[in-house]
Amino acid sequence: MNFPGEVRPPQALLDAQARMRDGKEPSLHQIGLLARQASATGDMDAYIQLFTKVEPRLRRHFQHHSPEAEFLRSTGKVAGNINVFRKLTYKSLSGPVPAFEKIYRRNGSDLKRLQWVARHLWGRLPCQMPQIIEIVPGQRLSVVLFAFEPFTPVSPDGLIETLRDMNEFSIAHPASAFDVIEPAMQQMPLLYQQRRQTLAAGLALAGVSESELAGIEAACMDIVHVFNHADLHRFNVGRNGMIYDWDCACFAPAAHDPGRAIAALRTFRRLSGLRDFIQNRLGRDMAKTRSDAARIMFFYLVYAAKKKLTDQNTDEIKTLHEIFGHIRSAL
Ligand SMILES: Nc1ncnc2c1ncn2[C@@H]1O[C@H](COP(=O)(O)OP(=O)(O)OP(=O)(O)O)[C@@H](O)[C@H]1O
Ligand SMILES: [Mg+2]
């Protein structure tokens, strides 16, 4: 029973709590809900109890490290990990070190992508990445402890600079340069899949069919695939020049990272604005690299499809039609 004015928790959370009370195994999604509830209410005991109950193999980790742990900000989005982060002190052989804790789906592609990057590119990247201190495997979840690297989002100009360095590195690292590639990295990340669906719906309102979109997508993908971070935005790149969050890393066209980063920085109402940005901020010669620039525009369109459009959104639909039309003519 709720008291007057008291907000009723969402049903999904109540169901997850009931499942725990009944001693039944919660789904990973339910564990995420319960974990975020504990973090949102600052209830560290509830957080520890949750994980020691659902992941006995992780009991030692949670009991050992939690006394001085603190919850950190999270965006609360549901991705390949539980998306509740903690700062804690890791007792290494050389003494206590501050660590950043992130909990992943044990068999999820996010963890596989991260581990491949750490194994194959550590020390070879044009930037630093947080060091992985330890990975503690559970049954369905794994805890990853990173060196704690205080984070301040990079400026928009700083992101463009990082993007240029990463893109140069990407172009020099095609898939063929590696003996072993994690199969998950041959797939586009989840965010791409989700946004591509939203784009298809928006383009349909602009009179562009799914098969036309698929044709243009295939033409954009039909080029050498190189290493991509795949999620370059200001909250994954630190002012300290460090790049965080390699959970989406994949092999894709070199135009993918610029398109994704531009969509995280700006939304363009006209083709001319996007073209000028690619030319002036990314330093692309539009005349010489027409098809390459068109590919960047395609990936921009995918990641810029952040909300479902209706036929009321006439301006956005017009912009989609204009940019897509240009891409089609340039490829
Ligand atoms: N090693 C680290 N040390 C300190 N802070 C970190 C570290 N790694 C990440 N962070 C901070 O935590 C935030 C989230 O981390 P990350 O980007 O890896 O997760 P995410 O899955 O993208 O979640 P979100 O969408 O909340 O950003 C980062 O934006 C950064 O502020
Ligand atoms: Mg992130």
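The shown structure was predicted, so the numbers you read here are calculated from the model rather than taken from an experiment. In this numbering scheme, every chain counts its residues from 1 along its sequence in written order. Labels are handed out in written order, letters beginning with A for the chains and numbers beginning with 1 for the ligands. This being a predicted model, a pLDDT of at least 70 is required before a residue's local features are given, and a value of 80 or more before pairs of side-chain atoms are given or counted; all residues contribute to the totals for chains, interfaces and linings. Water and hydrogen atoms were dropped before computing side-chain values, which therefore reflect all heavy atoms in the structure.

## Regarding the pattern of salt bridges
- We define a salt bridge as a contact between a side-chain nitrogen of Lys or Arg and a carboxyl oxygen of Asp or Glu at a distance within 4 Å. This structure, assessed with the given rule, holds 13 salt bridges.
- When the shortest N-O distance is used, the salt bridge between Glu101 and Arg86 registers 2.7 Å. Here the residue Glu101 occupies a position in strand S3 (residues 95-105), and Arg86 occupies one in strand S2 (residues 85-92), the gap between them amounting to 15 residues. For the pair shown, Glu101 and Arg86 are each scored as buried.
- The salt bridge partner of Arg196 is Glu210, with a shortest N-O separation of 2.8 Å. Placement of the pair is Arg196 in helix H7 (residues 190-205) and Glu210 in helix H8 (residues 210-221), with a sequence separation of 14 residues.
- Each residue gets one of three labels from its accessible area relative to the maximum for its type: buried under 20%, exposed over 50%, partly exposed in between, using a 1.4 Å probe on protein chains only. By relative accessible area, which is 41% here, Glu210 ends up partly exposed.
- Salt bridges sharing common partners tie together Lys102, Asp245 and Asp247. Put simply, DSSP H or I for four residues or longer makes a helix, DSSP E for two residues or longer makes a strand, and each gets a number counted from the N terminus.

## Re the nonpolar core
- Think of a nonpolar core as a cluster: buried Ala, Val, Leu, Ile, Met, Phe, Trp, Tyr and Cys residues, connected wherever their side-chain atoms sit within 4.5 Å. The biggest cluster of nonpolar side chains holds 71 residues, and the ones touching the most others in it are Trp116, Val117, Phe227, Trp246, Ile262 and Phe298.
- Counting residues in each nonpolar core, the second largest holds 28 residues, with Ile31, Ala35, Met44 and Val84 among its members.

## Observations concerning the coordination of the magnesium ion (ligand 2)
- Only N, O and S atoms count as donors, using a 2.8 Å limit from the metal and a wider 3.2 Å limit for Na, K and Ca, and since water is excluded some coordination spheres may look unfilled. Protein coordination at the magnesium ion (ligand 2): the donors are Asn236 (OD1) and Asp245 (OD), at 2.2 to 2.3 Å from the metal.
- Residue class for Asp245 comes out buried when judged on its relative accessible area of 18%.

## Side note on the sheet that holds strand S5 (residues 141-147)
- DSSP-based pairing: two strands are paired if at least 2 bridges between them are found. Spatially, S1-S2-S3-S5-S4 is the arrangement adopted by the five strands of the open sheet, whose pairing is antiparallel. Only two strands of the sheet have a single partner each, and these edge strands are strand S1 (70-72) and strand S4 (132-137). Taken over all neighbouring pairs, the strand axes of this sheet differ in orientation by 35° on average, direction set aside. To get an axis, fit a line to the C-alpha atoms, keeping to the stretch in contact for a helix; angles then go from 0 to 180 degrees between the N-to-C directions.

## Digging into the domain arrangement of the chain
- Domain boundaries assigned for the chain yield domain 1 (2-147) and domain 2 (156-330).
- If you average the C-alpha positions of domain 1 and of domain 2, the two centres end up 30 Å apart.
- Around 1,900 Å² of area is buried between domain 1 and domain 2 when both sides are counted, 67% of it from carbon and sulfur atoms.
- Using a 1.4 Å probe, buried area is obtained as the accessible area two parts lose upon being combined, added over both of them. The three residues of domain 1 that bury the most area against domain 2 are Arg113, Trp116 and Pro126, which together make up 35% of that side's buried surface.
- Inspection of the region where domain 1 meets domain 2 yields two salt bridges.
- Between Asp247 and Lys102 there is a salt bridge, with the nearest N and O atoms lying 2.7 Å from each other.
- Pairs of N or O atoms are called polar contacts if they sit within 3.5 Å, as long as, within protein, a hydrogen donor faces a hydrogen acceptor (for residues adjacent in sequence, only side-chain-to-side-chain pairs). Between the two partners, domain 1 and domain 2, sit eight residue pairs in polar contact (both at pLDDT 80 or more).
- Listed by contribution, the elements that provide at least two residues to the side of domain 1 that touches domain 2 are S3 and helix H5 (109-121). Note that the domain bounds reflect an automated or database-derived domain assignment.

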